[in-house]
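Examination of the molecular architecture
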Amino acid sequence: MNTMEQQLPPGIFSRVHRSSIINLSQINKLEKYGKESYMVVLKNNERVMVSKSRVKQLKEQLGI
């Protein structure tokens, strides 16, 4: 995953979990999941868990 992450454009793709890289333009919404966790809902209604250590970075990329 590290190699793939380095090859993808950072403004278009974001690693949100150790096993997930997503296209930022495909995000429909970011929603709270439990007390401290977040989940990304994609435009195709798939849900992807965001690790606690990557929430801040993702919010900055999304401008929220």
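Cut-offs applied
- Residues numbered from 1 in each chain as written.
- Predicted model: local features only at pLDDT ≥ 70, side-chain atom pairs only at ≥ 80, totals over all residues.
- Heavy atoms only, no water.
- Salt bridge = Lys/Arg side-chain N within 4 Å of Asp/Glu carboxyl O.
- Helix = DSSP H or I, 4+ residues; strand = E, 2+ residues; numbered from the N terminus.
- Buried < 20%, exposed > 50% of the residue type's maximum accessible area, 1.4 Å probe, protein only.
- Pairing = 2+ DSSP bridges.
- Core = buried A, V, L, I, M, F, W, Y, C linked by side-chain atoms within 4.5 Å.
- Contact = heavy atoms within 4.5 Å.
- Polar contact = N/O pair within 3.5 Å; in protein donor to acceptor, adjacent residues only side chain to side chain.

1. Remarks on the pattern of salt bridges
A complete count under the given rule lists four salt bridges for this structure. Linking K52 and E36 is a salt bridge whose minimum nitrogen-to-oxygen distance equals 3.8 Å. Linking K52 in the loop between β5 (47-50) and α2 (55-62) with E36 in the loop between β3 (27-33) and β4 (37-42), this pair joins segments that are 16 residues apart in sequence. Of the two residues, K52 and E36, both sit in the exposed class. The network of salt bridges with shared partners includes K29, E31 and R47.

2. Observations regarding the pairing of strand β2 (residues 20-23)
Taking every second residue as pointing to the same face, the buried face of β2 carries S20 and I22, while none of I21 and N23 on the other face is buried. One ladder, built from four bridges, connects strand β1 (residues 13-17) with β2; its direction is antiparallel. When the bridges of β2 are listed, S14 appears paired with I22. From the end of β1 to the start of β2, which pair antiparallel, there are two residues.

3. Remarks on the nonpolar core
Proteins that are soluble and globular tend to have nonpolar side chains buried together. Within the largest apolar cluster, 11 residues are counted, these being V16, I22, L24, I27, Y38, V40, L42, V48, V50, V55 and L58. Put simply, the parts of the chain that give this core at least two residues each are β4, β5 and α2. If you tally residues by element for this core, the top one is β4, at three residues.

4. Things to note about the side chain of S51
Of note, S51 is situated in the loop between β5 and α2. Contacts of S51, omitting those with residues within four sequence positions, involve V16 and H17.

5. With respect to the environment of N2
Relative to the elements of secondary structure, N2 occurs in helix α1 (residues 2-7). Distance from N2 to Q61, taken between C-alpha atoms, is 19 Å for residues 59 residues apart in sequence. Only 2.7 Å separates the side chain of N2 from the side chain of R15, close enough to count as a polar contact.

Purely geometric numbers; function is a separate question.
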